[in-house]
Amino acid sequence: MSEHKNYKLETVAVPDEWMDRAYIDKALYERGYKQSVEDPDTFWGKEAKRLDWIKPYTRVKNTTFEYPDVSIKWFEDGTLNVSANCVDRHLGQRGDHTAIIWEPDDPNTPARHITYRELYENVCRFANVLKAEGVKKGDRVTIYLPMIPEAAYAMLACARIGAVHSIVFGGFSPDSLAGRIEDCKSGFVITADEGLRGGRKIPLKANTDTAIDKSGHVQKVLVVRHTGGNVPWTEGRDVWLDEAMAKVDAECPPEEMNAEDPLFILYTSGSTGKPKGVLHTTGGYLVFAAMTHQYVFDYHEGDIYWCTADVGWVTGHSYIVYGPLANGATTLMFEGVPNYPDASRFWQVVDKHKVNIFYTAPTAIRALMGAGDQYVTGASRKSLRLLGTVGEPINPEAWEWYYHVVGETRCPIVDTWWQTETGGILITPLPGATTLKPGSATLPFFGVQPALVDADGKTLEGEASGNLVILDAWPGMMRTVYGDHQRFVETYFSAYKGKYFTGDGCRRDADGYYWITGRVDDVINVSGHRMGTAEVESALVSHPKVSEAAVVGYPHDIKGQGIYCYVTLMSGEEGEDALKKELREWVRNEIGPIASPDHIQFAPGLPKTRSGKIMRRILRKIAEDEYGNLGDTSTLADPGVVSDLVENRQNRR
Ligand code: WTA
């Protein structure tokens, strides 16, 4: 895969059709951006009117990035309810419009169309079930569901009664689920009998039981009947959702929430330790999710919008559920995977539901590009008007393929850079305003002030490469790490005092365009999923035969990055292929299939400095098969280990 710097740079200027249709053209963007940074109170004070407030705010922005007194508050004296904004307020005008199209894993199972009125009834009943089972305002509710409409009902039902949801991706293991239940002391879990992906069943209820055995806390488990498969059952604790919903009232008044009351927690990997509970609040988050959804995707009334993410990730929170529903959109939820039954599935679904706006990850684009153009060109795709990507840098080749083959040069591509922590999109083209460059996330969204700093924290001007920081707050940003504000301050604001540090490296070109180059910390990005190398290491060393492990990323053609593990065994243990297989299984069981190692290399020793610190730079080079250029190895305690590592490297090209 070529690097940006080797690519023959091409730009796509905004044609008249895109501009005429779009909300934001270049002049509006420039004027709006200027106001958003010079006078944020006026700018955001006006923008936030897009929501229905119960009690209007008088104070817009009250934020400081000053270390160690970081504090973020937006619209702090206003009150509202997120579920009322995503559902109730649409009933008058578009009660009969489709809110959610559900496309099942199996194309022969009928799709479902849920209108706003049906969504309202389901959310109200679900909320009443939560109340009946003892959930109160402020309680944490863990959601461990597949991609079914009940996932959206569950989120909105929590929001309706002021409970804080914590969604755990259905691909995570019982151990990962247990850790997340324990961290936020969640007393309630919502799950399903089984999930279904690519024809394979996932035992969600059985996993939940295993997790609860480990974590305690949980009083009630609400179970969605989905596949109808047999499940273990604990009387008195487990409740079938369909039976409970039939018994409760179809109306549930929304709770009046302060703008700064918590809406959800979402765990994400960092460079050290266990995943952090990223906390988002009510008012600012929804303003930002709704606004970015409207302007970035240029969403207009009646558009059919499809984001292929899972609700277990932040993209699913902001751009399947909250942003689109706040805007009264029709949002498509897809249960399956891009290559089942075959690699034409995405485009079959696009044709079937006449999708206008399509948002996916570079890893999916690369995989489908590899499968061959015939899977794309066999479908009409005439409905498509705009394409988007998220989750990792998109290489220009994949961008060009997406643009030419999938979109037939008719559709702008919005390459959206953001993070779980940012709540919504921060750097992105706007389709009617921004000249596109393949591989660049382009320019900041309204109110977002990116900057580049060097390792010493010096701000770099003009064309430069450095670490990406953000200089001031935006409404959608995280407020804290759940239960550990100090960790929030240290993780994001201590490296460069007074600035939010993203953890990403970035280049800015002569036109001021941003090119994200990937993480600069010990986080790797595998198929658009964030993974802390420390988490994989701690899973490996928990195996009785492993004494030490070091994990690094390496470039992978489809996944973006692959997982490369160096493992030192306990003395007397043999490094055999069977043990590699066992360790791979072990990591899958500890974390989940997404953490499955691509390469395991048994290493008698790891390169360490005399003070005992592992020199990851060297391990990365070997994993990249770039061992010819290992740099300075003179500070190693035992330079001999390096030749053994090179000799036995697994990733030979
Ligand atoms: C990476 C996903 C390049 C980046 C929304 C970031 C990207 C991490 C892009 C956040 C993009 C996301 N171009 N890199 N368009 N979008 N990233 O928290 O490294 O799962 O820090 O949020 O993904 O991943 P997260």
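Residues numbered from 1 in each chain as written. Predicted model: local features only at pLDDT ≥ 70, side-chain atom pairs only at ≥ 80, totals over all residues. Heavy atoms only, no water.

- Per an unreviewed UniProt entry, the protein goes by the name Acetyl-coenzyme A synthetase and belongs to Methyloceanibacter marginalis.
- Under the UniProt heading Catalytic activity (unreviewed entry), the entry covering the protein gives this text: "acetate + ATP + CoA = acetyl-CoA + AMP + diphosphate".
- Under the UniProt heading Sequence similarities (unreviewed entry), the note attached to the protein is "Belongs to the ATP-dependent AMP-binding enzyme family." (UniProt positions renumbered as here; feature names shortened; annotations may be inferred.)

## Overview of the environment of Asp 509
Inference 1: Here Asp 509 shows up in the loop between strand E25 (500–508) and strand E26 (514–519).
Inference 2: Leaving out residues up to four positions away in the same chain, Asp 509 has contacts with Lys 437, Glu 463 and Trp 515.
Inference 3: In this structure the side chain of Asp 509 is engaged in a polar contact, spanning 2.8 Å, whose partner is the side chain of Lys 437. (Helix = DSSP H or I, 4+ residues; strand = E, 2+ residues; numbered from the N terminus. Contact = heavy atoms within 4.5 Å. Polar contact = N/O pair within 3.5 Å; in protein donor to acceptor, adjacent residues only side chain to side chain.)

## Considerations on the layout of surface pockets
Inference 1: The space that makes up the second largest pocket amounts to roughly 370 Å³.
Inference 2: Along the wall of the second largest pocket there are 16 residues; nearest its centre are Asp 175, Ser 176, Arg 180, Lys 274 and Pro 275.
Inference 3: Elements with a contribution of two residues or more to the lining of the second largest pocket: helix H8 (174–183) and helix H18 (533–541).
Inference 4: Top contributing element to the lining of the second largest pocket by residue count: H8, with six residues.
Inference 5: A breakdown of the residues in the lining of the second largest pocket according to their chemical character gives five nonpolar, four polar and seven charged. (1 Å grid on protein atoms, 1.4 Å probe; cavity = no way out; pocket = protein on both sides within 12 Å on 5 of 7 lines; lining within 4 Å. Points joined across faces, edges and corners; volume = space filled by probe spheres on them. Nonpolar A, V, L, I, M, F, W, Y, C, P; charged D, E, K, R; others polar.)

## Quick look at the UniProt feature "binding site: CoA" (unreviewed entry) in the protein
Inference 1: The UniProt record marks Arg 197, Gly 198, Gly 199, Arg 200, Thr 315, Asn 339, Ser 527 and Arg 588 with the feature "binding site: CoA" (unreviewed entry), using the residue numbering of this structure. These annotated residues cover 392 residues of sequence, and their C-alpha atoms reach 23.9 Å apart at the extremes, leaving them scattered rather than at a single site.
Inference 2: For Arg 200, the location among the structural elements is in strand E10 (residues 200–202).
Inference 3: Topologically, Thr 315 is positioned in helix H12 (residues 314–326).
Inference 4: Judged by relative accessible area, Thr 315 falls into the buried class, the value being 10%.
Inference 5: What Thr 315 contacts, discounting residues up to four positions off in sequence, is Cys 307, Ala 309, Ile 320, Tyr 359, Val 390 and Trp 418. (Buried < 20%, exposed > 50% of the residue type's maximum accessible area, 1.4 Å probe, protein only.)

## Topic: the site of the ligand
Inference 1: Near the ligand lie 17 residues; those nearest to it are Asp 415, Thr 416, Thr 420, Asp 504 and Arg 530.
Inference 2: A distance of 3.1 Å is found between a nitrogen atom of the ligand and a backbone nitrogen or oxygen belonging to Gly 391.
Inference 3: Between the ligand and Thr 420, the relevant distance is 2.5 Å, taken from an oxygen atom to a side-chain nitrogen or oxygen of the residue.
Inference 4: Alone, the ligand offers 520 Å² of accessible surface; in the complex the protein occludes 96% of this.
Inference 5: Residues belonging to the shell around the ligand are distributed by class as follows: six nonpolar, six polar and five charged. (Near = heavy atom within 4 Å. Areas by Shrake-Rupley, 256 points an atom, 1.4 Å probe, with all protein chains shown as cover.)

## Some details on helix H6 (residues 116–132)
Inference 1: In this model H6 runs 24 Å from its N-terminal to its C-terminal C-alpha over 17 residues, within 8% of the 24 Å that 1.5 Å per residue would give.
Inference 2: Along H6, the residues that are buried comprise Tyr 116, Leu 119, Tyr 120, Val 123, Cys 124, Arg 125, Phe 126, Ala 127, Asn 128, Val 129 and Leu 130.
Inference 3: Following H6 by one or two positions, Gly 134 adopts a phi angle in the positive range, close to 105°. (Expected span 1.5 Å × (residues − 1).)

## Points about the packing of aromatic side chains
Inference 1: Under the defined criterion, the tally for this structure stands at 43 aromatic pairs.
Inference 2: Pairing Phe 264 with Tyr 322 gives two aromatic rings, centres 6.3 Å apart and planes at 5°, and the pair type is stacked. Residue Phe 264 is found in strand E14 (residues 262–268), and its partner Tyr 322 is found in helix H12; the two are separated by 58 residues along the sequence. Taken as a pair, Phe 264 and Tyr 322 share a single burial class, namely buried.
Inference 3: Between Lys 437 and the ring centre of Tyr 513, over which it is positioned, the NZ or CZ distance is 4.6 Å. (Phe/Tyr/Trp six-rings, centres within 6.5 Å; stacked < 30°, edge-to-face > 60°. Lys NZ or Arg CZ within 6 Å of the ring centre and 35° of its normal.)

## Comments concerning the sheet that holds strand E20 (residues 413–416)
Inference 1: An order of E5-E4-E17-E16-E18-E19-E20 is seen for the seven strands of this open sheet, with the pairing classed as mixed. Each edge of the sheet is formed by a strand with only one pairing partner; in this case those strands are strand E5 (112–115) and E20. Averaged over neighbouring strand pairs, the angle between their axes works out to 20° when direction is ignored.
Inference 2: Inspection of the sheet shows strand E4 (residues 98–103) paired to E5 by four bridges, in the antiparallel sense. Paired with Thr 98 across the strands is Thr 115, a residue of E5.
Inference 3: Set on the sheet, H6 makes contact with E4 and E5; between it and E5 the angle comes to about 80°.
Inference 4: In the packing of helix H7 (residues 149–161) onto the sheet, contacts are made with E4, E5 and strand E17 (330–334), and the angle to E5 comes to roughly 25°. (Pairing = 2+ DSSP bridges. Axes fitted to C-alpha atoms, helices over the stretch in contact; angles between N-to-C directions.)

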